[in-house]
Amino acid sequence: MKDTKLYVVIPCYNEEEVLSETSGRMLELFKSMISDGLIGAESRIVMVDDGSRDSTWEIISRLSESSSVFRGIKLAHNAGHQNAVLAGLMTVKDECDCAVSIDADLQDDINAIAEMVRKYDDGCDVVYGVRSERKTDTFFKRFTAEGFYKFMKIMGVEIVFNHADYRLMSRRALDSLSEFKEVNLFLRGIVPQIGFKSDCVYYQRAERFAGESKYPLKKMLSFAFDGITSFSVKPIKLVWSMGVFVCIAAIIAAVYTLISKFFGYTSDGWASIMCSIWFIGGVQLISVGVIGEYIGKIYKETKARPRFIIEEYKKQD
Ligand code: UDP
Ligand code: MG
């Protein structure tokens with residue numbers, strides 16, 4: 001009989017439709033894992049309300065009053081998925097032996113948690129939940145999501161393919177995570193950088209149990225952009241390559257312009273304008289844009305804003 005203290009952290013944003021089902025299934029899973037001796041009775045399910053506007057917090061409140069297994073953390077405002085996960089993990093890290101983060105919508109197979117804990121028992125500090133297939137996702141979601149992982153790789157960000165934020169981390173890994181003080185938080189990029197022994201658990205991704213995705217395309221694009229600019233200087237290098245390319249193009253254009261001028265097909269001033277304004281203007285605009293993005297990040301980092309503000313920490317024990 002082991003008494004591994006497992007804490008499951010669930011970020012919830014306007015999830016009133018799924019919470020009772022999610023909490024019920026989680027509780028069942030906990031009971032069976034406890035009776036199998038996989039985890040100790042001190043394990044907890046921690047729900048983080050990310051500034052929801054519906055009755056999510058009322059439900060979490062009720063659950064945490066009904067049983068000591070459930071705990072609720074209410075963030076003071078909507079801090080975003082990544083920050084909500086981090087808030088949960090950082091709040092419990094000194095009490096647990098290991099923590100699993102999982103979405104509230106039951107898209108990720110909760111039974112994979114048992115497998116994760118087994119790998120933890122075998123000495124893994126990080127266990128990634130990886131989607132083996134995405135049959136139930138719409139073509140559009142699958143295309144954009146897989147494109148996201150591929151694009152991140154191309155842009156030089158080291159991430160685990162088809163792994164979202166469903167993962168187990170040991171206390172040691174969580175302690176290391178807390179050392180990353182950056183404001184532009186991209187957990188999928190940070191966790192592989194922590195190191196330690198890691199492994200993957202594969203599962204099939206299901207459909208959202210109820211409600212709708214809180215990650216529309218717009219949020220996903222800004223998430224990808226954030227991930228890249230927080231982790232990689234490849235965009236700057238790309239701009240540099242583009243500059244080289246444009247310079248070569250400019251030489252060809254210059255030759256063409258000079259020949260045209262030589263044969264007298266041009267009017268005064270056309271050649272010099274042709275050779276300079278367009279290309280140089282374009283290159284400068286893009287360069288300034290990208291460099292500006294990085295300066296924006298530096299600006300945010302130096303301000304060292306709090307990443308989350310906890311309004312309440314509700315628990316029975
Ligand atoms: N979420 C959150 N804050 C937000 C947006 C989402 O805590 O601002 C939570 C949400 O409740 C869910 C998880 O993050 O538990 C993943 O969101 P969702 O399932 O909508 O994303 P998808 O699976 O469609 O990418
Ligand atoms: Mg989801």
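Throughout this document, residue positions are counted from 1 along each chain, in the order its sequence is written. Just so you know, chain letters begin at A and ligand numbers begin at 1, following the order they were written in. Residue-level local features of this predicted model are given only where pLDDT is at least 70; pairs of side-chain atoms are given and counted only at 80 or more, and the full residue set underlies all totals for whole chains, interfaces and linings. Neither water nor hydrogens contribute to the side-chain values; these are computed over all heavy atoms in the structure.

- In the nomenclature of an unreviewed UniProt entry, the protein chain is known as Glycosyltransferase family 2 protein of Candidatus Monoglobus merdigallinarum.
- UniProt positions are given in the numbering used here, feature names are shortened, and annotations may be inferred rather than shown by experiment. For the record of the protein chain, the UniProt heading Subcellular location (unreviewed entry) holds the text "Membrane".

1. Points about the side chain of Ser178
At step 1: A run of H or I in DSSP becomes a helix once it reaches four residues, and a run of E becomes a strand once it reaches two; helices and strands are each numbered from the N terminus. Its location among the elements puts Ser178 in the loop between α6 (171–177) and α7 (187–194).
At step 2: We call two residues in contact whenever any of their non-hydrogen atoms come within 4.5 Å of each other. If near-sequence neighbours (up to four positions away) are discounted, Ser178 is found in contact with Met90 and Lys93.

2. Here's the deal with the coordination of the magnesium ion (ligand 2)
At step 1: Summarising the metal site, the magnesium ion (ligand 2) is bound by the protein donors Asp105 (OD) and Gln107 (OE1), whose distances to it range over 1.9 to 2.0 Å.
At step 2: With a relative accessible area of 4%, Asp105 lands in the buried category.
At step 3: The exposure class assigned to Gln107 is buried, which follows from its relative accessible area of 10%. Donor criterion used throughout: N, O or S atom within 2.8 Å of the metal, extended to 3.2 Å for Na, K and Ca. Water excluded; incomplete-looking sites may result. For every residue, the accessible area (1.4 Å probe, protein chains only) is compared with the maximum for its type, and the residue is labelled buried under 20%, exposed over 50%, or partly exposed between those bounds.

3. Some thoughts on the pattern of salt bridges
At step 1: Here, a salt bridge means any Lys or Arg side-chain nitrogen found within 4 Å of an Asp or Glu carboxyl oxygen. Considering all chains together, one arrives at 16 salt bridges under this definition.
At step 2: For the salt bridge of Glu65 with Lys314, the shortest nitrogen-to-oxygen distance reads 2.9 Å. Of this pair, Glu65 sits in helix α2 (residues 56–66) while Lys314 sits in strand β8 (residues 310–314), and the two are 249 residues apart along the sequence.
At step 3: When the shortest N-O distance is used, the salt bridge between Glu95 and Arg71 registers 3.1 Å.

4. Considerations on the packing of aromatic side chains
At step 1: Two rings from Phe, Tyr or Trp (for Trp, the six-membered ring) form a pair when their centres are within 6.5 Å of each other. A pair whose planes differ by under 30 degrees is stacked, one over 60 is edge-to-face, and the rest are tilted. Across all of its chains, the model carries 5 aromatic pairs by this definition.
At step 2: A centroid spacing of 5.8 Å and a plane angle of 20 degrees characterise the contact between Phe139 and Phe143, whose relative ring orientation is stacked. Taken together, the positions of Phe139 and Phe143, both in helix α5 (residues 139–154) and 4 residues apart, correspond to about one turn of that helix. Assigned by exposure class, Phe139 and Phe143 land together as exposed.
At step 3: Seen from their ring centres, Phe262 and Phe263 are 5.5 Å apart, and the 80 degrees between their planes marks the pair as edge-to-face. As far as burial versus exposure is concerned, Phe262 and Phe263 are alike and both exposed.

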